[in-house]
Amino acid sequence: MKKNPKPTVGRRNFLKGVAAGAASLATSAEALSAKAEPLQPVSALPLLPLVETDPPPETEVLTEGRSGSDFMVDIIKALNFEYVCSVAGSSFRGLHESVINYGGNENPEFLTCCHEESSVAMGHGYAKIEGKPLCVFAHGTVGLQHAAMAIYNAYCDRVPVFIIVGNVIDAAVRDSAYGEWPHSVQDAAAMVRDYTKWDDLPISLTHFGESAMRAYRIAMTPPMGPVVLVADSELQENPIRDGADLQVPKLTLPSPPQGDAGAVAEAARMLIQAENPLFVVDRYARTQAGIDHLVELAELLQAPVIDQTGRMNFPTQHPLNQSSRRNAVVSESDLIVGLEATDFWSALNSIHDQVHRSQRQTMKNGTKLISITAGDLSTKANYQDFYRYVGVDLAMAADAEATLPSLIEETKRQLTADRKRTLQDRGAKLAEAHDHALQQSRSEAMYAWDVSPVSTARLCAEVWAQIKDEDWSVVSLLRHFSWWPLRLWPFEKHYQYIGAQGGGGVGYNAPASVGAALANRKHGRFSVSFQDDGDLLFAPAVLWTAAHHRIPLLSVMHNNRAYHEELMHVQRMANRHNRGVDRAKIGTTFEDPAMDFAKLAQSMGVYAEGPISDPNELAPALRRAIAVVKRGEPALVDVVTQPR
Ligand SMILES: Cc1ncc(C[n+]2csc(CCOP(=O)(O)OP(=O)(O)O)c2C)c(N)n1
Ligand SMILES: [Mg+2]
């Protein structure tokens, strides 16, 4: 560890210099009025006159060698973060400077964000592709307040984000000139504690190092989630004490929890004996191996899979994928296995949203249920993202992806040749039903093919025609887009879809798609996002971040000029009261004036075209935008669309 160099300017000499400057100011002021010479630049002017008094005994130290924040960067580097996403904030100015200078602005590289919600949502999207968190720096109060919704989304989605917030904890050193009083907080993480997995406030550098390693482990152990570390500004900015013995602690990630051997054997027995077993999966697969294992198990049993699409879990065009036939397969099943099925209940029931909400159980009475989920290992009380309680017959508090290999082994061990033969029949029927559903989706996609504004299915097909030969990755939500890509395209690889936002917070899609595209960049993948208009309006400046950092991403606007989901809710209420639906537009649409998203994007340095309402203009516009993305930049095509 380097020693701190001695201060180069003593306070007494410094004040002498000030006095000499004052004398020359008097002279030059006289000269100025006599000769009317041009004004000097401000930087050339000496300081204002000061009366020399006895200097205080201590010296004013102006420079130092290493500060605490340099050690914090050693820790951050040891954690292998590629990026820090951040809106600058003085409570972490020490860390900011250390990342870009001491750390050389490489691993991590500082990415300039324009909203803390975007910083965190970029981390959310990035982690879903890369399988690990990126780092976010935020101001401890106002920054974290802005970040809160995105943290909530990541928490509900069980996605790791590593957040460091600055804070001036010692009231005796706060400088009100920089707003440090309103920007300081007794317990910074308190406001997000209900929806983070862990937080800490280290009070020494050794404590910081250990807490950072602990935070990373906790964030990365299923169920994963965001963590917050508070970096006190004094700890960042004070010099590292001479002789301080600072070590970077070792990090080993724990292997994810697997289902107990007895429970796995029992599950295999139940799966083999069932007449019609079914898998329901939601936040199951993190890796390609997760997808491949589910394919292997489903094929072994010739059992259908319903994908609730929280992740890319199962190939969309695999014959056993029965997601579009949910009610039919659920009602036929006598055993249903939930794999990280966060909202298992709604796969087994349906709700009708009428004056009196009604529910209907879809599954047969007597159907047996198994759940394998790491969700059982961590639940909090306040926020209700744990969904309706389901009384299962066998529950494994374990990570489903990590448990599948042993479940496959056990199933193979118990499966007799006789039983295997009978399963083939089941598979053939399911393949036929899958094929039928796919044909139906294709024919539904043809409705209103030529209509203007453009139908969502047509837009989906036009994009497919242009990107199908790329190594593509869909980095957006698809729910508002009638799920068309999942219904029509062959998704097979784990990075081809990133699922939804977890907590349902709008404003996620634009930054998460930039974060996912950032992760895809080094793999040379082509990232495409179907971007809702209302979502982009929350924090559109993430487009500038994409342009500035050369993040290749094709954003195709699903511009229905509305918060259409909310419009439908207001229509539902108007229907309920028999008052007609025409006024439901009030407060839910963006029509007068219509927004120009191409201009918005262009103003931030993003290549953009549109608004396009004629479907025949799509192909050439998409081709031009794709060429831009392929040279390493973001591009946006604004398409005015049908509502859904
Ligand atoms: C932060 C936040 N505010 C409000 C809502 C309520 N909300 C749910 S969907 C929606 C509409 C979003 O509009 P857009 O992204 O354009 O999608 P569309 O429904 O038009 O397809 C809104 C406002 C929310 N989910 N999150
Ligand atoms: Mg919209």
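Residues numbered from 1 in each chain as written. Chains lettered and ligands numbered in written order. Predicted model: local features only at pLDDT ≥ 70, side-chain atom pairs only at ≥ 80, totals over all residues. Heavy atoms only, no water.

Points about the overall build of the protein
Worth spelling out the cut-off: In DSSP terms, a helix is any run of H or I states spanning at least four residues, a strand is any run of E spanning at least two, and both are numbered starting from the N terminus. For the exposure calls, accessible area comes from a 1.4 Å probe over protein chains only, and a residue counts as buried if that area is under 20% of its type's maximum, exposed if over 50%, partly exposed in between. Any pair of residues with heavy atoms lying within 4.5 Å of one another is described as a contacting pair. For accessible areas, the Shrake-Rupley method is used with a probe of radius 1.4 Å. Any residue's cover is judged against the shown protein chains and nothing else. Only four residue types enter the tally: Lys and Arg on the positive side, Asp and Glu on the negative side; His and the chain ends are excluded. Think of each charge as sitting on NZ of Lys, CZ of Arg, CG of Asp or CD of Glu.
Within the protein one finds 21 helices and 18 strands. With the principal axes as the frame, the protein shows a C-alpha extent of 100 × 60 × 50 Å. Within the protein, the fraction of its 644 residues that count as buried is 51%. At a minimum sequence separation of 6, the contacts of the protein that also span at least 24 residues come to 80%. Carbon together with sulfur atoms contributes 52% to the accessible area of the protein, which is approximately 28800 Å² in total. Between the averaged position of the 61 positive side-chain charges in the protein and that of its 75 negative side-chain charges there is a distance of 3 Å.

Section: the coordination of the magnesium ion (ligand 2)
Convention followed: Here the term donor refers to an N, O or S atom within 2.8 Å of the metal (or 3.2 Å for Na, K and Ca), and because water is left out of the atoms, sites may appear incomplete.
Surrounding the magnesium ion (ligand 2) are the protein donor atoms Asp533 (OD), Asn560 (OD1) and Ala562 (O), which sit 2.0 to 2.1 Å from the metal. For the magnesium ion (ligand 2), the single-chain donor residues occur in sequence as D-x26-N-x1-A. Neither asparagine 560 nor alanine 562 differs from the other in exposure class; each is buried.

So, the pattern of salt bridges
Let me state the cut-off plainly: Any Lys or Arg side-chain nitrogen found within 4 Å of a carboxyl oxygen on Asp or Glu counts as a salt bridge.
Within the structure shown, the criterion is met by 29 salt bridges. Across the pair aspartate 157 and lysine 128 runs a salt bridge whose closest N-O atoms are separated by 2.5 Å. Taken together, the residues span a long stretch of sequence, with aspartate 157 in the loop between helix 5 (142–156) and strand 4 (162–167) and lysine 128 in helix 4 (residues 116–130) at a distance of 29 residues. For aspartate 157, a relative accessible area of 1% translates into the label buried. Salt-bridge contacts for glutamate 470 lead to lysine 630; the nearest nitrogen and oxygen are separated by 2.8 Å. Placement of the pair is glutamate 470 in the loop between helix 14 (456–467) and strand 14 (472–474) and lysine 630 in helix 21 (residues 618–630), with a sequence separation of 160 residues. Residues joined in a network through salt bridges with shared partners are Lys128, Asp157, Arg283 and Arg311.

Notes on the site of ligand 1
This is how the line gets drawn: What makes a residue near a molecule or strand is one non-hydrogen atom of that residue sitting within 4 Å of it. Side-chain atoms alone can form a polar contact between residues adjacent in sequence; in general such a contact is a pair of N or O atoms within 3.5 Å, and within protein one must be able to donate a hydrogen while the other accepts it. Side-chain classes follow a simple rule in which Ala, Val, Leu, Ile, Met, Phe, Trp, Tyr, Cys and Pro form the nonpolar group, Asp, Glu, Lys and Arg form the charged group, and the remainder, Gly included, forms the polar group.
With respect to spatial proximity, 18 residues lie near ligand 1, and among them Asp533, Gly534, Ala562, His564 and Arg644 are the closest. One of the side-chain nitrogen or oxygen atoms of asparagine 560 is found 3.0 Å away from an oxygen atom of ligand 1. At a separation of 2.8 Å, an oxygen atom of ligand 1 approaches a polar backbone atom of histidine 564. Considering ligand 1 on its own, with 580 Å² of exposed area, one finds that the protein chains cover 79% of that surface. Contributions of two or more residues to the shell around ligand 1 are made by helix 17 (533–538) and helix 19 (564–576). No other element matches helix 17, which puts four residues into the shell around ligand 1. Of the residues that constitute the shell around ligand 1, the class distribution is five nonpolar, seven polar and six charged.

Some words on the pairing of strand 4
Stated formally: When DSSP finds two or more bridges between two strands, those strands count as paired. A crossover counts as right-handed when, viewed with the strands pointing away from the observer, the path leading from the first strand over the helix to the second turns clockwise.
Among the six residues in strand 4, six count as buried, and that is most of the element. Judged by which residues are buried, strand 4 turns out to be covered on both faces: Phe162, Ile164 and Gly166 on one side and Ile163, Val165 and Asn167 on the other are all buried. Looking at chain direction, strand 3 (residues 135–139) and strand 4 are connected through five bridges and run parallel. By the bridge assignment, phenylalanine 137 is partnered in strand 4 with isoleucine 164. In the classification by handedness, the crossover that spans strand 3, the intervening helix 5 and the parallel strand 4 is right-handed. Where strand 4 meets strand 6 (residues 227–232), six bridges bridge the pair, whose relative direction is parallel.

Overview of the packing of aromatic side chains
Put simply, the test is: Two aromatic rings from Phe, Tyr or Trp, using only the six-membered ring of Trp, form a pair when their centres are within 6.5 Å; if the ring planes differ by under 30 degrees the pair is stacked, by over 60 it is edge-to-face, and anything between is tilted.
On inspection of all chains with the given rule, the structure shows 18 aromatic pairs. Considering the side-chain rings of phenylalanine 162 and tyrosine 216, the 6.3 Å spacing of their centres and the 45 degrees angle between planes classify their relative orientation as tilted. Pair noted here: phenylalanine 162 is in strand 4 and tyrosine 216 is in helix 6 (residues 205–220), with a separation of 54 residues, a long-range link. Taken individually, phenylalanine 162 and tyrosine 216 each receive the classification buried, so the pair is uniform in this respect.

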